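Topology and contacts: notes
Spelled out from the first residue to the last, the chains are:
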Amino acid sequence: MAQPALKDTRVEEFEKKQEWWWAAEKRRSGRLDYLRKAIWKKGAIGGLYAPGVKTDLEQAVLTTNMAKALEGSPDPYVVKSAKLFAHILDNKTIFITDHAQLVGYTGSLPNTMNWNPSIASILNSEVFNDPISIPEPVDKNQAVIQEIVDYWAGKTDLDKMMPVFDMDDLMKMLSGSIGWGVPLARGGYSNKDYEYIMTGKRGFQDIIDELDKKMDEIDDAVHEPTANKEIAMMYDRLNNWEAMRIALEAGIRIAKRYARLARIMAENFEEDPKRKEELLKIAAACEQVPAHPPRNLQESFQYDIFIQMMSRTEAIEGAWPCRPDYYHGPYYDKDVHIDKTLTKEEALDLVGEFLIRAAEVCQFKPKWAREGLQGIDGTWVWTMGGVDEKGKDACNDLTIAFMQAARLVRVANPTFAFRWHPQVKDEVMREVFECIRHGLGYPSIRNDPILVSNAMHWHGHPIEEARLWVHQACMSPNPTTKHGYQPMRMANATANCAKIIEYVFTSGFDPVVNMQVGAETPDVSTFKNFEAFFDAWVLQMRTIFSILVRSVNRARLLAPTMTPRPFLSGLSERCIESGQDTCDPSIARGNAWITAFTWVENADSLAAVKKLVFDEGKYSLAELKDALAKNWNGYEDMRLDFVKNAPKWGNDDDDVDRIMLRCLDACAKFSKELKCPCGNNWPILPENVSGNIHYANIVGALPNGRRLGDALYDGGISPGPGLDKKGPTAVLKSCGKIDHVTQGRAFLLNQRLSPTQLAGEKGFQLWKAYMRTWADLGLDHVQFNMVDDATLRSAQKDPEKYQEVIVRVAGYSAHFVDISRKTQDNIIQRTVQGLG
Amino acid sequence: MTTCQECKNFFPLEEDPNRGDCVQRVKDPRQAYYQAKPVNAEDDASACASFQKKQQ
Ligand code: SF4
């Protein structure tokens, strides 16, 4: 099966024309071609799911029925949660796709989106109000949904949590003007204790045995002839362990259901002896994992897929923290090089399919999330490369296989982020470059030594743990270790930072949502100098960040009792050891961060105010306030002055770059005052996903010359599109003035490069030289778009012909035709940097 | 009453023949697959559009 779908002489022709998507289609095996085309695209287009993609009612009904059945049960809440989880796994429909070697999906059928109605009523209402996604017959199913929505009203995680939050904070946050997401332990980005579960030392059955031992010990201890606080608390531990055991046992059972289906297919339906053999291999794999540690690459991937699928049954996960080359690499080595049970081509088929299995994952998301993540379901940023815990190069043959498979299957999600460090071999860098040159928009490149130091600086991770980091979401490093992994990053600590500068002009009043959200700073026109103006900016920043962080802190504290996660806890050494929930802050080191959307607008706006108002006195603050309130209407000449004659970030211009550093210093200082319930810091992390488009109509006019409705900058520390006029080195130099260890958790940088210039060996050498400068300047991140304007414009005109063109949006990639026109234009507008 | 156990699609569990899987071949617009859903041998099949009499 690992034969090319079609030997086609046109491959070279396609490659010459840089039509990589057609070339890939011809180069990949028949199996990969079938499976790649079998994917139901789940990313929303313009906020709407594609026709044919349907909300999964089966799991919602199973959840609801079981919740009703458990209502009268005396079980503790955590045990009920585990039973609910087990009920879904035991009863959901499962399937095995033709040609597949890996199995497991979040929904019950390939075209369905998992819907867990127990998490948030606001999500449930969106399911009801999204008729396109309701399966046929719509009327009948709408009635089913109505019943589910009614049942869960007042009972979901968010419904239960809301009354115990600070209502004022919650209202400001939910207004949608300053934050993004909700503070829930079952909705966000879950890292996992991969060092515990993914190193081949144990499977679920081993953990269950350990739990049984623990429970027996405690059971004996609580019946000793004594009594104290510790004994009183042991009952909670017993309940948590019991819940973990229920969840893990259910995980083993569903795998056995897949094994059984594969055997039924092999023994009753399949006539092709080769496929029969494959099905029996699937059966053997599902009998082995997750109960026991994997024995080969297929089982290792299968184990991982099961874990991801189960974790997404328990919670809505918007990211996919992992390090597949590192954790699966030893199995690749064993199968391909030592045992020689797999050829490289066969292994590549498995790797490609592993990417495809992830690409099809979907959970129904609210509209604001779909708009912020255009074209994808969540940010599956897979970490590659890097070093091991001793600091040695961890790149392996599987790293290369992943790069090659990515070019064959060309999925937009997952994407890769490559941990570059000085020991990375040229051979690996070349593979990374090829992916970028083929227009995938990934891997993004991360500066490993910088980020290891950064993890130690901000969160105090010991160096051996800091080296084991993965991307918890698009950008933020988080170790996969016992005390280092963060079980849930709640997305609502995501600040719409352009509001900071906007609120300086409105004294914290938000004209879009019509409420006082920010600090009531004095009328802007009363500020006599830039220092007073900047002080107001700092106060607005502190106010916005605090509102968002307070609610996450509160949710994290409440999570172990109100929104427990027995399955995720069951995969965690610290939970197995302590009998506490994975979110319990008392057993975690903490790895919180504030994602800073729409960040650079602040530096450009402050620089414009400093120059044109305070230094040159061309305009008064009162005049500027009026111009902004009127969205620059009647002030066009003045607006153009602010666009053209104020310094802009990204041009190695100290006037604005110094302001950027000052803003970051203010944030870094405040980040150490803000504490998470683990007692750790809250650094900021400028990046955007597609928040720059989502917030276009929410952020008012700004002093950088932007009008309400205009797209915001594409994010992180990327200069405004088209405003970086001095070339790529100037961009790097501006960004290099930032201390990427101490001034924030990470900083996203988008760059567009010319595919023509970077063709061939010369192109690789040019790019390598660019990367050397990038590394020397100490930047922590960069990612590239390498699709030319002509292709993108053609794709706008004739989307059908360009379905497979991928672009880098922000912290993720998407198919160009799946993102909004505004985002498409925003990408085209970005300056194409010529190197050399 | 016709029940699932009389159906060709019903595959009983070895350890408990009263329970089993309803296994069906499906072709959707993008892919073909086999699906399995847990059912009981005694489940009412009279209204099931996919029922196929098992050959004795
Ligand atoms: S097709 Fe219908 S009758 Fe046959 S096993 Fe499935 S559910 Fe039962």
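Residues numbered from 1 in each chain as written. Chains lettered and ligands numbered in written order. Predicted model: local features only at pLDDT ≥ 70, side-chain atom pairs only at ≥ 80, totals over all residues. Heavy atoms only, no water.

**Points about the overall build of chain A**
Looking only at helices and strands, one finds 34 helices and 21 strands in chain A. Rg of the C-alpha trace for chain A: 26 Å, near the compact-globule value of 28 Å for 836 residues, within the 12% margin. With the principal axes as the frame, chain A shows a C-alpha extent of 80 × 75 × 60 Å. The buried share among the 836 residues of chain A stands at 67%. Long-range contacts, defined here as pairs at least 24 residues apart, represent 77% of the contacts in chain A between residues at least 6 apart. Accessible surface, chain A: about 27,200 Å² in total, of which carbon and sulfur atoms supply 53%. (Helix = DSSP H or I, 4+ residues; strand = E, 2+ residues; numbered from the N terminus. Rg over C-alpha atoms; globule rule 2.2 N^0.38 Å. Buried < 20%, exposed > 50% of the residue type's maximum accessible area, 1.4 Å probe, protein only. Contact = heavy atoms within 4.5 Å. Areas by Shrake-Rupley, 256 points an atom, 1.4 Å probe, with all protein chains shown as cover.)

**Quick look at the packing of aromatic side chains**
Residues and elements named next belong to chain A. With the rule as written, the count across this model stands at 40 aromatic pairs over all chains. The interplanar angle of 65 degrees and the centroid separation of 5.6 Å between the aromatic rings of Phe505 and Phe533 together place this pair among those described as edge-to-face. Taken together, the residues span a long stretch of sequence, with Phe505 in helix H22 (residues 498-506) and Phe533 in helix H23 (residues 530-562) at a distance of 28 residues. Owing to a relative accessible area of 5%, Phe505 belongs among the buried residues under this scheme. Overall, the relative accessible area of 0% leaves Phe533 in the buried class. The rings of Phe301, Trp320, Phe354, Trp380, Trp382, Phe402, Phe416 and Tyr442 are connected pair by pair, giving a single aromatic cluster. (Phe/Tyr/Trp six-rings, centres within 6.5 Å; stacked < 30°, edge-to-face > 60°.)

**Observations regarding the site of the ligand**
Around the ligand, the neighbouring residues are Cys4(B), Cys7(B), Asn9(B), Cys22(B), Gln24(B), Ala45(B), Cys48(B), Ser50(B) and Phe51(B). Partitioning the shell around the ligand into residue classes produces 6 nonpolar, 3 polar and no charged. (Near = heavy atom within 4 Å. Nonpolar A, V, L, I, M, F, W, Y, C, P; charged D, E, K, R; others polar.)

**Digging into helix H26 (residues 600-615) of chain A**
Residues and elements named next belong to chain A. A rise of 1.5 Å per residue sets the reference length of H26, with its 16 residues, at 22 Å; its end C-alpha atoms lie 21 Å apart and thus fit the reference within 8%. Among all positions of H26, only Val600, Glu601, Asn602, Ala603, Asp604, Ser605, Leu606, Ala607, Ala608, Val609, Leu612 and Val613 are buried. Buried residues belonging to H26 abut H22, H23, helix H27 (621-629), helix H28 (636-644) and helix H29 (654-673). Downstream of H26 by one or two residues, Gly617 has phi in the positive range, about 60 degrees. (Expected span 1.5 Å × (residues − 1).)

**Focus on the nonpolar core**
Counting residues in each nonpolar core, the largest one holds 292 residues, and the members touching the most others are Trp537(A) and Phe545(A). The biggest single contributor to this core is helix H12 (residues 229-269) of chain A, with 20 residues. Among residues more than four places away in sequence, those in contact with Trp537(A) are Ile500(A), Ile501(A), Val504(A), Trp599(A), Asn602(A), Leu606(A), Cys663(A), Ala666(A) and Cys667(A). Formed by 5 residues, the second largest nonpolar core is a distinct cluster that contains Cys4(B), Phe10(B), Cys22(B) and Val39(B). (Core = buried A, V, L, I, M, F, W, Y, C linked by side-chain atoms within 4.5 Å.)

**As for the side chain of Ser718(A)**
All names here are of chain A. Turning to its location among the elements, Ser718 is positioned in the loop between helix H30 (691-694) and helix H31 (728-736). By relative accessible area, Ser718 is classed as buried at 1%. Within the structure, the side chain of Ser718 is placed 2.7 Å from the backbone oxygen of Gly715, a separation counted as a polar contact. Of note is the side chain of Ser718, whose polar atom sits 2.8 Å from the backbone nitrogen of Asn750. With near-sequence residues (within four places) excluded, Ser718 lies in contact with Val600, Trp649, Leu748, Leu749 and Asn750. (Polar contact = N/O pair within 3.5 Å; in protein donor to acceptor, adjacent residues only side chain to side chain.)

**Re the sheet that holds strand S7 (residues 415-420) of chain A**
Residues and elements named next belong to chain A. Here 6 strands make up an open sheet; going across it, the order is S6-S7-S8-S18-S17-S21 and the pairing mixed. Two strands in the sheet have a free side with no partner beyond their single neighbour: strand S6 (381-385) and strand S21 (832-833). Taken together, the 2 bridges between strand S17 (residues 750-753) and S21 define a ladder with parallel strand orientation. The partner of Arg752 across the bridge, within S21, is Val832. Along the sheet face, helix H32 (residues 760-776) touches S7, strand S8 (444-447), S17 and strand S18 (781-785) and points at about 150 degrees away from the line of S18. (Pairing = 2+ DSSP bridges. Axes fitted to C-alpha atoms, helices over the stretch in contact; angles between N-to-C directions.)

**A short note on the confidence of the model for chain B**
In this model, chain B carries a mean pLDDT of 96, and residues with pLDDT of at least 70 account for 98%. Predicted complex, confidence summary: ipTM 0.98, pTM 0.95. (pLDDT = per-residue confidence, 0-100.)

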